[in-house]
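Structure assessment
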Amino acid sequence: MVDKMNLEEWIRPSIRALKAYESKSIPDCVRLDANENPLSWPQGMIERLLGSSIAFNRYPDGGAQELKQALSGYTGVPGEGILTGNGSDELIQLLMTTFGGENRAVVVHPPTFSMYGAAARVTGTNVLEVPLLLTEDGRDFRLDVEGILKAAAQSQVHMIVLCNPNNPTGTLFPREEIFRIVAESGKIVVVDEAYGEFSGESVVDQIPHCPNLLVMKTFSKLFAMAALRLGYLLGQPSMIEALNRARQPFNVNSFSQKAGAIALNYVEDFAEQGRTLRAELEKIVEALTAFASVKVFATRANFVLFQPEDPDRVYQELIEKGFLIRNMGNLPLVGKALRFSVGLPEDNERLMKALREILK
């Protein structure tokens, strides 16, 4: 019998170095830290979902056929070119499991979504970072296309991940730069369009012409279904078939599948919500820009990255005033910065009032 065990010695070294992902939950705070859609579902949608016939005593449809049919109508991609997942996080790890692993590498462009690097390390995939470039005015970012192509030329690289619009910066990268990377890299290129519906742009239309292109999208943002964990990948059928080999069976529950299929009957309602949120964000950005001591970065998503003189103090004082935003810590190229997503109109007004008091 073992009396004492050093657990750390049993953990894989790549896992040992990781920290568990933590999301803060502070009672009585308005949550503006997770880039969610704060608006209610369109009228009739929840009643339609709750009135659906779902066999909770049976396993879900492993092929998500009803949802795929609805997604095909929404995206224009045939059902065999669609793979659904338990949120984008599962899909990111599935991508690393399928195309990454030992002696392989993925190219990312920091600052970007942290889960790319985390999933890579969990699967033993090396991460090659090609940082974004700052524009001359220091308030926007752009891809280092030459740097990405140079990194991708290494034999260990099998995949490139581009986040567009990018989290946490809000940057929308030009289509022609993305297509150049797809055409010239010779590697699998994943374009994460989690916030694509807010930007009004997408590269999904190029999938038939690009066998190495995968586009990842989610119901967590514009479609206001973050609690149900539902994402999907779009690509050519051969690419989706390869990913399906490593996918867990029954990975998306029946309730989420049904909710996703129903939500796609309300596309215009959600699009109107997106326009409302973007208009609110424009007002917020204009108000933030009025503070001489605050640097505000350009955004095409539903959130804004900004940099006051003392981000840690501003973050803490906002919590004291009842607002939870995201303290990004030290970001490459930027340093300490804060990010918050657009909330309900009344919450946005209260937030800006609080910021005026803090930054006066």
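Within an unreviewed UniProt entry, the label attached to the protein reads Histidinol-phosphate aminotransferase, and the organism entered is Desulfitobacterium dehalogenans. We quote the UniProt Pathway (unreviewed entry) comment for the protein here in full: "Amino-acid biosynthesis; L-histidine biosynthesis; L-histidine from 5-phospho-alpha-D-ribose 1-diphosphate: step 7/9." For the record of the protein, the UniProt heading Sequence similarities (unreviewed entry) holds the text "Belongs to the class-II pyridoxal-phosphate-dependent aminotransferase family. Histidinol-phosphate aminotransferase subfamily."

**Thoughts on the domain arrangement of the protein**
Per the domain assignment, the segments of the protein are domain 1 (7–41 + 268–359) and domain 2 (54–266). Of note, the centres of domain 1 and domain 2, computed from C-alpha atoms alone, are 23 Å apart. Counting residues at the interface gives 36 residues for domain 1 and 37 residues for domain 2. Between domain 1 and domain 2, the buried area comes to about 2800 Å², and carbon and sulfur atoms account for 63% of it. By the criterion of area lost to domain 2, the three top residues of domain 1 are Phe270, Arg300 and Leu333, representing 25% of everything that side buries.

**Some remarks on the packing of aromatic side chains**
Aromatic rings in a pair are described by how distant their centres are and how their planes are angled relative to each other. Per the counting criterion, the structure on display carries nine aromatic pairs. Here Tyr195 and Phe303 contribute two aromatic rings whose centre-to-centre distance is 5.1 Å and whose plane-to-plane angle is 75 degrees, an arrangement assigned as edge-to-face. With a gap of 108 residues between them, Tyr195 in the loop between strand 8 (188–192) and helix 9 (196–199) and Phe303 in strand 12 (residues 303–307) connect regions that are remote in the sequence. Grouping residues by exposure puts Tyr195 and Phe303 together as buried. Pairwise contacts between aromatic rings join Tyr74, Phe219, Phe223, Tyr232 and Phe270 into one cluster. Over the ring of Phe303 we find Arg339, and its NZ or CZ is 5.6 Å from the ring centre.

**Overview of the sheet that holds strand 8**
The sheet built from seven strands is open, its strands ordered 2-10-9-8-7-3-4 with mixed pairing. With one partner strand each, in any of the chains shown, strand 2 (82–85) and strand 4 (126–129) form the two edges of the open sheet. Between one strand axis and the next, the sheet turns by 25 degrees as a mean value, whatever way the strands run. Inspection of the sheet shows strand 8 paired to strand 9 (residues 213–218) by four bridges, in the parallel sense. Directly across from Val189, in strand 9, lies its bridge partner Leu213. Its contacts with the sheet put helix 4 (residues 65–75) on strand 2 and strand 10 (231–234), and the angle it makes with strand 2 is roughly 120 degrees. Contacts between helix 5 (residues 87–99) and the sheet are confined to strand 2, strand 3 (105–108), strand 7 (157–163), strand 8, strand 9 and strand 10, with strand 9 contributing the most and set at about 155 degrees to the helix.

**Brief notes about the UniProt feature "modified residue: N6-(pyridoxal phosphate)lysine" (unreviewed entry) in the protein**
The feature "modified residue: N6-(pyridoxal phosphate)lysine" (unreviewed entry), as annotated in UniProt, sits at Lys221 in this numbering. Along the chain, the position of Lys221 falls in the loop between strand 9 and strand 10. Leave out the neighbours within four places in its chain, and Lys221 touches Ala34, Asn35, Asn37, Ala194, Tyr195 and Phe198. A distance of 3.5 Å separates a polar atom in the side chain of Lys221 from a polar atom in the side chain of Tyr195.

**Section: the sheet that holds strand 14 (residues 326–331)**
Reading across from one edge, 11-12-15-14 is the order of the four strands in this open sheet, with antiparallel pairing throughout. Both outer strands of the open sheet, strand 11 (295–296) and strand 14, are each paired with one neighbouring strand and no more. The strands touched by helix 12 (residues 267–289) are strand 11, strand 12 and strand 15 (335–341); relative to strand 12, the strand with the most contacts, the crossing angle is about 10 degrees.

**Overview of the nonpolar core**
The nonpolar side chains of soluble globular proteins are, as a tendency, buried together. Residues Phe219, Leu288, Leu318, Phe340 and Leu355 are the most contacted members of the largest nonpolar core, which totals 90 residues. Sorting elements by how many residues they give to this core places helix 14 (residues 345–359) first, with six residues. The contact partners of Leu288, leaving out residues within four places of it in the chain, are Val294, Val296, Val304, Phe306, Phe340, Met352 and Leu355. Of all hydrophobic cores here, the second largest spans 24 residues; its members include Leu83, Leu91, Val106 and Cys163.

**Things to note about the packing of helix 4 against helix 11 (residues 254–263)**
Where helix 4 contacts helix 11, the two axes come as close as 9 Å, and the packing angle between them is 25 degrees. With respect to their mutual orientation, helix 4 and helix 11 come out roughly parallel. Between helix 4 and helix 11 lies a crossing whose hand is left-handed. Mapping the contact onto sequence places Glu66, Leu67 and Ala70 in helix 4 and Gln257, Lys258, Gly260 and Ala261 in helix 11. Its residues assigned to classes, the contact of helix 4 with helix 11 comprises three nonpolar, two polar and two charged.

**Digging into unusual backbone geometry**
Working note: non-glycine residues mostly have negative phi, and peptide bonds are mostly trans. Residue Pro111 is reached from Pro110 by a cis peptide bond, and omega for that bond is -5 degrees. Along the chain, the position of Pro111 falls in the loop between strand 3 and helix 6 (114–122). The residue after Asn164, namely Pro165, is reached through a cis peptide bond having omega -5 degrees. Among the secondary structure elements, Pro165 is positioned in the loop between strand 7 and helix 8 (175–185). Positioned with a positive phi, Asn35 is a non-glycine residue whose angle comes to about 60 degrees.

The rules behind the values
The written sequence of each chain sets the order in which its residues are numbered from 1. Per-residue local features of the predicted model are confined to residues with pLDDT of at least 70, and side-chain atom pairs are confined, for both listing and counting, to 80 or more; whole-chain, interface and lining totals are unaffected and use all residues. With hydrogens and water set aside, each side-chain value is computed from the structure's full complement of heavy atoms. UniProt positions are given in the numbering used here, feature names are shortened, and annotations may be inferred rather than shown by experiment. Note: domain ranges come from an automatic or database domain assignment. Residue contacts are defined here by distance: any two heavy atoms, one from each residue, within 4.5 Å place the two residues in contact. Throughout, buried area stands for the accessible area (probe radius 1.4 Å) lost by two parts on being put together, summed over both. Only centres within 6.5 Å qualify two rings of Phe, Tyr or Trp (six-membered ring in Trp) as a pair; their planes then separate them into stacked at under 30 degrees, edge-to-face at over 60, and tilted for everything else. In this description a helix means any DSSP run of H or I spanning at least four residues, a strand means any run of E spanning at least two, and both kinds are numbered starting from the N terminus. Throughout this description, buried means an accessible area under 20% of the type-specific maximum (1.4 Å probe, protein chains only), exposed means over 50%, and partly exposed covers the range between. Throughout this description, the term charge over a ring refers to an Arg CZ or Lys NZ atom that lies within 6 Å of the ring centre and within 35 degrees of the ring normal. When DSSP finds two or more bridges between a pair of strands, those strands are recorded as paired. The convention used is that axes are lines fitted to C-alpha atoms, helices contributing only their stretch in contact, and that angles between N-to-C directions extend from 0 to 180 degrees. Distance and chemistry together define a polar contact, namely a pair of N or O atoms within 3.5 Å, with one atom able to donate a hydrogen and the other to accept it when in protein, and with adjacent residues in sequence counting only for side-chain atoms on both sides. Working definition of a nonpolar core: buried Ala, Val, Leu, Ile, Met, Phe, Trp, Tyr and Cys residues. They are joined through side-chain atoms within 4.5 Å. Note on terminology: angles under 35 degrees are roughly parallel, angles over 145 are roughly antiparallel, angles of 65 to 115 are roughly perpendicular, and the others are oblique. Rotating anticlockwise by less than a right angle from the far helix to the near helix defines a left-handed crossing, while the corresponding clockwise rotation defines a right-handed one. Three classes are used: nonpolar for Ala, Val, Leu, Ile, Met, Phe, Trp, Tyr, Cys and Pro, charged for Asp, Glu, Lys and Arg, and polar for all others, with Gly counted as polar.

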